[in-house]
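# Architecture and fold: a report
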Amino acid sequence: MPRRKMRKRRQRQRLWEMAPVIHTAQAETLAAYDAWISVSYDPVVGNQQTHKCFWLKVTEVYNARRPKNTVPRNVKMLRSHWDRCDRDVKKFCAIYRGEEANYQSGASGADILRAALRVFKDDVGKDFKLVDVWSQVHHLERCTADFGG
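Note that the structure is predicted; figures quoted are calculated from it, not measured. All chains use their own residue numbering, which begins from 1 and follows the written sequence. Local features in a predicted model are, by the rule used here, given only for residues with pLDDT of at least 70; side-chain atom pairs are given and counted only at 80 or more, and totals for whole chains, interfaces and linings are based on all residues. Processing note: side-chain calculations cover all non-hydrogen atoms of the structure and skip hydrogens and water entirely.

## Points about the overall build of the protein chain
Secondary structure assignment for the protein chain yields seven helices and zero strands. To qualify as a helix, a DSSP run of H or I must reach at least 4 residues; to qualify as a strand, a run of E must reach at least 2; elements of each kind are numbered from the N terminus. Seen in sequence order, the protein chain has helices and strands lined up from the N terminus as α-α-α-α-α-α-α. When a residue's accessible area, from a 1.4 Å probe over protein chains only, is under 20% of the maximum for its type it is buried; when over 50% it is exposed; and in between it is partly exposed. Evaluated residue by residue, the protein chain yields a buried proportion of 30% over its 149 residues. Of the contacts formed within the protein chain by residues at least 6 apart in sequence, a portion of 61% connects residues at least 24 apart. For the area figures, the Shrake-Rupley method with a 1.4 Å probe applies, and any residue is considered shielded solely by the protein chains shown. Counting only carbon and sulfur atoms, one obtains 52% of the accessible surface of the protein chain, whose full area is about 10500 Å². Contact definition: two residues touch when any of their heavy atoms are within 4.5 Å.

Below, the structure written as structure tokens:
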């Protein structure tokens, strides 16, 4: 490899290592889901939009509503955070539905939630930390339909 390319590669690596790691807070995750719901269930546009256009709109809505003292996000940042969170939310939705279907009559929603949290931890190996997000989306069609989590 020519020296010039090696030098450029090292410079990029150094820049990447120096870049601050951005941790998303719970409020940012809630705002991202709120933006996703707003764009997904927009009666004017509906689902007649391309994948790229959809995420551009979600990012635009998110940045307009983002919590105070947070940085604006671009599509790639928002989408990668969404994918990581949504994987766990979908798994938890499926677990909750299973617990709800198998739980004894007379059990409260809190009992079912506790049982679902326990099952999630046993199955996935970590605590489910997105209960606020789940409570915002668990009634939506995407979380009530059967899918392979």
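## Observations concerning the packing of aromatic side chains
Here the distance between the centres and the angle between the planes together describe a pair of aromatic rings. Pairing of aromatic rings covers Phe, Tyr and Trp, the last through its six-membered ring, and needs centres within 6.5 Å; plane angles under 30 degrees mean stacked, over 60 mean edge-to-face, and all others mean tilted. Applying the stated criterion to the full structure yields 11 aromatic pairs. With centroids separated by 4.2 Å and ring planes inclined at 40°, the aromatic side chains of Tyr33 and Trp82 adopt a geometry described as tilted. On the criterion of sequence distance, the pair formed by Tyr33 in helix H2 (residues 26-40) and Trp82 in helix H4 (residues 75-102) is long-range, its members being 49 residues apart. A single burial state applies to Tyr33 and to Trp82, both of which are buried. Between Tyr96 and Trp134 the ring centres are 4.7 Å apart and the planes differ by 55°, which places this aromatic pair in the tilted class. With Tyr96 in helix H4 and Trp134 in helix H6 (residues 131-137), this residue pair connects regions lying 38 residues apart in the sequence.

## Comments concerning the pattern of salt bridges
The working definition used for a salt bridge is a side-chain nitrogen of Lys or Arg within 4 Å of a carboxyl oxygen of Asp or Glu. Evaluated as defined, the whole model comprises seven salt bridges. The shortest N-O distance in the salt bridge between Arg65 and Asp34 comes to 3.0 Å. Taken together, the residues span a long stretch of sequence, with Arg65 in helix H3 (residues 51-65) and Asp34 in helix H2 at a distance of 31 residues. For Asp34, a relative accessible area of 28% puts it in the partly exposed group. The partner of Asp111 in a salt bridge is Arg114, and the shortest N-O contact between them spans 3.1 Å. One end of the pair, Asp111, and the other, Arg114, are both in helix H5 (residues 109-124), three residues apart, so they sit about a helical turn from each other.

That's the geometry; what it means functionally is another story.
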